[in-house]
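Fold and geometry: a report
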Amino acid sequence: MSDLDQLTQSLARNLKRWRSERGFTLDALAARAGVSRGMIIQVEQARTNPSVGTTVKLADALGISIATLLDHEQGARVRLVTPPHNVTMWSTPAGSRATLLVGTQSRGPLELWSWLLMPNDASTSDPHPTGTTELLHVTAGELTLVVDGTSYPMPAGTSATFEADVPHAYRNDGPQPMEMTVATAIPPAR
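Residues numbered from 1 in each chain as written. Predicted model: local features only at pLDDT ≥ 70, side-chain atom pairs only at ≥ 80, totals over all residues. Heavy atoms only, no water.

On to the overall build of the protein chain, then. Each helix and strand in the protein chain was counted, giving five helices and 10 strands. Across the 190 residues that make up the protein chain, the buried fraction comes to 41%. When contacts within the protein chain are restricted to residue pairs at least 6 apart in sequence, long-range pairs at least 24 apart make up 63% of them. (Helix = DSSP H or I, 4+ residues; strand = E, 2+ residues; numbered from the N terminus. Buried < 20%, exposed > 50% of the residue type's maximum accessible area, 1.4 Å probe, protein only. Contact = heavy atoms within 4.5 Å.)

This is the structure we're talking about:
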């Protein structure tokens, strides 16, 4: 079974499990997530691999991290995640990528990401749930962070934090690849 097949099966199993635990019908989850009922059925039956945006919307609607939605084999006091088990959630033909390194459900979802943005590449994000905070640190190149329409240049060595419940984007307007680490803290579902 390929990595993509394993990811699709894990997502299907976990989406069903978390939807059931939350007591959401297909229609209720569709309304909360802004995703069609048909898409949820396809995901739960492992017939499709949803986009990153759809996966984020489903995780947010369930009040869990993407890491939890993709792999719920957690529970040990210490959980080591080796590089072969990191999940690349976004990539472009230019070579840019966002890789989920590790996540936890403790006290609300908390995720740690490794980002690589190639020159002239960008990633945009819809608003996350109210109370979501992102912390980031640029380790190479220069990031242009755009939060709610305002741009913030961030050369290597610069860190930032922001409330991520507004539209935001990561852009590399420079000539060199940009690398950063991002932590996303999402409040627990109410």
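Anyway, onward from the coordinates.
Looking now at the environment of Pro177. Following the sequence through the fold, Pro177 ends up in the loop between β9 (168–172) and β10 (178–185). Classification of Pro177 by relative accessible area gives partly exposed; the value is 31%. With 56 residues separating them in the primary sequence, Pro177 and Asp121 have C-alpha atoms 9.4 Å apart. Ignoring any residue separated from it by four or fewer positions in sequence, one finds Pro177 in contact with Leu116, Leu117, Met118, Pro119, Ala140, Gly141 and Asn172.

With that settled, consider the sheet that holds β9. If you walk across this open sheet you meet the four strands as β4-β9-β6-β7, and the pairing is antiparallel. What marks the edges here is a single partner per strand, and that holds for β4 (121–125) and β7 (150–155). Looking at each pair of strands side by side, their axes are set apart by 15° on average, direction ignored. (Pairing = 2+ DSSP bridges. Axes fitted to C-alpha atoms, helices over the stretch in contact; angles between N-to-C directions.)

None of the figures reported here should be taken as evidence of function without further support.
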